[in-house]
Amino acid sequence: DDLPRTKDTFSIRQSQLELEEELGSGQFGSVQKGYCTLKREGRIPVAVKKLKSEDKSAEEEMLKEADLMRNLTHQRIVRMIGLCRADCIMLVLELCPCGPLNSFLAKHKELKQSTVVQLMWQVAQGMSYLHSKNYVHRDLAARNVLLVSENSAKISDFGMSKALNIGNDYYKAQEAGKWPLKWYAPECVYYWKFDAKSDVWSYGVTLWEATSYGEKPYRKMKGNEILKFLVEDEKRLQKPDFCDEQVYEIMLECWQYDKKDRPTFEEIDQKMKYQQQRLLSL
Ligand code: ADP
């Protein structure tokens, strides 16, 4: 049951953990706030993701998520502290005390658009890193952007993420699962093909959620109605009231039907940096 030697730094003993109140619950189980005591860093605040029950497939999913997160080290990606194997498997993560971006912004409508744009610029930086490591996220949404503070965002929830193989720049899903269709590009829904540019489409929807302070996208629509709206009618989500025109232009670029016409995250990083500075100087 032991993890291989190279992964030792990531294995956490139960005695290192102190668990406190619940922060939220997901499809896997619950997430609790707590502390983890590490040799080098001392006692640090953490979020502990616990599995609900003895579900082997959920366990495998969590191990896969942990395996993937091991390879990610970036300021804009939630850090995995380690994995604890006790009565259940626990994924120990860096704590993001302000929680998900959508619910935070819904409660803080006083925040300036320049702050919102700064947070989404940070998300673009994290995504640029993720893609440079040849991963696709596949579940980028405001609910999966967590805040350390109102000025610091981190990408989380790598449960659906995949490594792309060399020479194969997309991932082909074998079956359609519980997919966040409102965040998916048309080619994902039609052909089950996911690549860097489908994450870019999701980023556009996430940027829409952020600039509208946590509104739900395509509020009254069902999955099948969205494809008609986007593809047959060639419509797009409208500009949120307080969103700047030039920032809305970036969303529209992310939602180009032909993925070749969508920007890369390196380009989005530059564009968002420019917009943030521009908004600050207005
Ligand atoms: P799901 O996988 O179902 O999308 P998660 O299990 O990732 O959801 O997380 C469920 C909830 O737990 C999140 O909505 C968030 O409120 C909270 N949460 C998860 N990770 C963290 C973290 N690192 N810091 C703070 N809160 C977190």
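Structural notes, computed from the coordinates. (Residues numbered from 1 in each chain as written. Predicted model: local features only at pLDDT ≥ 70, side-chain atom pairs only at ≥ 80, totals over all residues. Heavy atoms only, no water.)

### Section: the sheet that holds strand 9 (residues 145-149)
No. 1: Here three strands make up an open sheet; going across it, the order is 7-9-10 and the pairing antiparallel. Of all strands in the sheet, those bounded by a partner on one side alone are strand 7 (99-100) and strand 10 (152-155).
No. 2: Alignment of strand 9 against strand 10, held across four bridges, turns out to be antiparallel. Pairing of serine 149 across the sheet is with serine 152, part of strand 10.
No. 3: Sheet contacts for helix 3 (residues 113-132): strand 9 and strand 10; angle to strand 10, the most-contacted strand, approximately 35°. (Pairing = 2+ DSSP bridges. Helix = DSSP H or I, 4+ residues; strand = E, 2+ residues; numbered from the N terminus. Contact = heavy atoms within 4.5 Å. Axes fitted to C-alpha atoms, helices over the stretch in contact; angles between N-to-C directions.)

### Points about the environment of glutamine 14
No. 1: Inspection of the secondary structure puts glutamine 14 in the loop between strand 1 (11-12) and strand 2 (17-25).
No. 2: Given the relative accessible area of 47%, glutamine 14 is considered partly exposed.
No. 3: Separated by 76 residues in sequence, glutamine 14 and methionine 90 place their C-alpha atoms 9.4 Å apart.
No. 4: In this structure glutamine 14 touches Cys84, Ala86 and Met90, once residues within four positions along its chain are discounted. (Buried < 20%, exposed > 50% of the residue type's maximum accessible area, 1.4 Å probe, protein only.)

### Digging into the sheet that holds strand 2
The pairing of strands in a sheet comes from backbone hydrogen bonds and takes either a parallel or an antiparallel form.
No. 1: Taken together, the six strands give an open sheet; going across it, the order is 1-5-6-4-3-2, and neighbouring strands pair in mixed fashion. Since the sheet does not close on itself, it has two edges, and those belong to strand 1 and strand 2, each with one partner.

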